[in-house]
Amino acid sequence: TYNIHSCIGTDNLYSVDRISSVIQGDQPDIVCLQEVEVNDVPTKTRIWSKYHGDDQPAQIAATIGLKHHVFVPAIRSKAGSNWKERHLNVSGSDISGNITATDSSTSNKMMEMQPLNSNIDYGKFGIAILSKFPILQ
């Protein structure tokens, strides 16, 4: 398993290719990833992340030649200025993280619920499995 820290290296640079290269060096048949992002539009998902519109597990799987992958979001989030993040409650979502419910804003450990009109600019942050074998439910 690998915690890919949103594809941010210790040098604070964003690189899906670099993460793919490290994983490919082990020639795995199955890979479990943590701290993975999937953004439908360029978004900064977490406060340490970078703006991107990448599907990280799909890109990593394609680069290292693993034909099957599944991503499951733990949260939908976007980072703003001043070290604040806005999170969407994904407890009522489908496995892809699609939701139309409510939004919880977090700042300095405070939660506040408010309606949300659109969540396309909220990135998905979670876990993924990449495999050379089919993944069954």
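Before any of the text, the structure's been laid out above.
Below, the structure is looked at part by part. (Residues numbered from 1 in each chain as written. Predicted model: local features only at pLDDT ≥ 70, side-chain atom pairs only at ≥ 80, totals over all residues. Heavy atoms only, no water.)

Glancing now at the packing of aromatic side chains. Taken as a whole, this structure holds one aromatic pair when the rule is applied. For the pair Trp 48 and Phe 125, a centre-to-centre distance of 5.9 Å together with 70 degrees between the ring planes defines the contact as edge-to-face. With a gap of 77 residues between them, Trp 48 in the loop between β2 (30-38) and α2 (56-64) and Phe 125 in strand β7 (residues 123-131) connect regions that are remote in the sequence. Residue Trp 48 is classed as partly exposed on the basis of its relative accessible area, which comes to 24%. The residue whose ring lies beneath Arg 46 is Phe 125, and the NZ or CZ to ring-centre distance is 4.5 Å. (Phe/Tyr/Trp six-rings, centres within 6.5 Å; stacked < 30°, edge-to-face > 60°. Helix = DSSP H or I, 4+ residues; strand = E, 2+ residues; numbered from the N terminus. Buried < 20%, exposed > 50% of the residue type's maximum accessible area, 1.4 Å probe, protein only. Lys NZ or Arg CZ within 6 Å of the ring centre and 35° of its normal.)

By secondary structure assignment, the location of Glu 37 is in strand β2. Buried and without a salt bridge, Glu 37 has Arg 46 as its closest oppositely charged side chain, separated by 6.4 Å. Among the polar contacts made by the side chain of Glu 37, one reaches the side chain of Ser 6 at a distance of 2.7 Å. Within polar-contact distance, the side chain of Glu 37 engages the side chain of Thr 45 at 3.4 Å. Apart from the residues lying within four places of it in its own chain, the contact partners of Glu 37 are Ser 6, Thr 45, Arg 46, Ser 49, His 52, Asp 54, Asp 55, Gln 56, Pro 57, Lys 124 and Phe 125. (Lys, Arg positive; Asp, Glu negative; His and termini not counted. Salt bridge = Lys/Arg side-chain N within 4 Å of Asp/Glu carboxyl O. Polar contact = N/O pair within 3.5 Å; in protein donor to acceptor, adjacent residues only side chain to side chain. Contact = heavy atoms within 4.5 Å.)

All right, on to the side chain of Ser 49 then. For Ser 49, the location among the structural elements is in the loop between β2 and α2. At 2.9 Å, the side chain of Ser 49 and the side chain of Glu 37 are in polar contact. Discounting residues that sit within four places of it in the chain, Ser 49 has contacts with Ser 6, Ile 8, Glu 37 and Lys 44.

By the definition in use, this model includes four salt bridges. A salt bridge links Asp 40 to Lys 124; the nearest nitrogen and oxygen atoms lie 3.8 Å apart. With Asp 40 in the loop between β2 and α2 and Lys 124 in strand β7, this pair connects stretches of sequence that are 84 residues apart.

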